[in-house]
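# Architecture and fold: a report
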Amino acid sequence: MVEAGQAIQIQSPVITLSQIEYEYGVWASYWCPYLDLGLTSGRGKTLFPFICTDLEHHDFPHVFASTDANLPLVISVARYWPKLKKIYLADLWIPVGSALYLPPQPINAEREYINLHNNRNSAHACWGSQEQTRFKTHTLLQNQGGYFYWYWNKSPTIHHQLSWIK
């Protein structure tokens, strides 16, 4: 965790990293853009038909920061033991003005465990607020190439609260 006024030295095998601004809405972790490919912008509102655990690690550093004036950033972090098929997962709430630094995770087939992360749950910071349904973040990352490891798990689910919609 890097707090306001602090500095770190980033170690990276990648020479060029990009700073990208993202805007998340309250339903970002529940709407599935992959199911709505081909629809015009803003029309894709299909809810995930499964519980999504979508985590990654890669060979470049990653910095996540909430740059919103009011809301923190939620980052999911996990440690996965592939041989044991066991994962421990937590959501970290990064205060406004702070950042989370994740060092590069190069390929290592012999590693006992893998550290993973994702910001798909970022929108949870909006929950409970009727005034603010979206917020902004900045991320430092490699936006082309590189090594990615994805942990993807899906389980069937039913959205009971929506069963009355026809």
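Residues numbered from 1 in each chain as written. Predicted model: local features only at pLDDT ≥ 70, side-chain atom pairs only at ≥ 80, totals over all residues. Heavy atoms only, no water.

On to the overall build of the protein. The helix and strand inventory of the protein stands at 0 helices and 9 strands. Its helices and strands taken in sequence order, the protein reads β-β-β-β-β-β-β-β-β from the N to the C terminus. Counting all 166 residues of the protein, 37% fall into the buried class. Taking as baseline every contact in the protein between residues at least 6 positions apart, the subset at least 24 positions apart corresponds to 79%. On the protein, roughly 10,700 Å² of surface is accessible, and the fraction owed to carbon and sulfur atoms is 55%. (Helix = DSSP H or I, 4+ residues; strand = E, 2+ residues; numbered from the N terminus. Buried < 20%, exposed > 50% of the residue type's maximum accessible area, 1.4 Å probe, protein only. Contact = heavy atoms within 4.5 Å. Areas by Shrake-Rupley, 256 points an atom, 1.4 Å probe, with all protein chains shown as cover.)

Quick look at the packing of aromatic side chains now. This structure, assessed with the given rule, holds 2 aromatic pairs. Ring centres of W81 and Y88 lie 5.7 Å apart, and the angle between their planes is 90°; this geometry places the pair in the edge-to-face category. Between W81 and Y113, the aromatic rings sit 6.0 Å apart at their centres with planes inclined by 55°, giving tilted as the arrangement. With W81 in strand 4 (residues 73–81) and Y113 in the loop between strand 6 (99–102) and strand 7 (114–118), this pair connects stretches of sequence that are 32 residues apart. You can call W81 buried: its relative accessible area is 18%. An aromatic cluster of at least three residues, connected via ring pairs, comprises W81, Y88 and Y113. (Phe/Tyr/Trp six-rings, centres within 6.5 Å; stacked < 30°, edge-to-face > 60°.)

For the rest of this paragraph, the subject is the nonpolar core. If you look at the biggest cluster of nonpolar residues, it comprises 10 residues: Y24, F64, L71, L73, I75, V77, I94, L100, L102 and F135. Of all the secondary-structure elements, those providing two or more residues to this core are strand 4 and strand 6. Of the residues forming this core, the biggest block, 3 residues, is contributed by strand 4. In contact with V77, not counting residues within four places along its chain, are Y88, L89, A90, L92, L100, L116 and H117. Ranked by size, the runner-up nonpolar core spans 5 residues in total, among them A78, Y80, I114 and L116. (Core = buried A, V, L, I, M, F, W, Y, C linked by side-chain atoms within 4.5 Å.)

What follows covers the pattern of salt bridges. All chains considered together, the criterion is met by 1 salt bridge. Here K136 ties to E21 by a salt bridge, and the two come within 4.0 Å at their closest N and O atoms. With K136 in strand 8 (residues 134–141) and E21 in strand 1 (residues 18–25), this pair connects stretches of sequence that are 115 residues apart. On the accessibility criterion, K136 (36% relative accessible area) is partly exposed. (Salt bridge = Lys/Arg side-chain N within 4 Å of Asp/Glu carboxyl O.)

Note that every value here comes from positions in space, so none of it alone points to a role or purpose.
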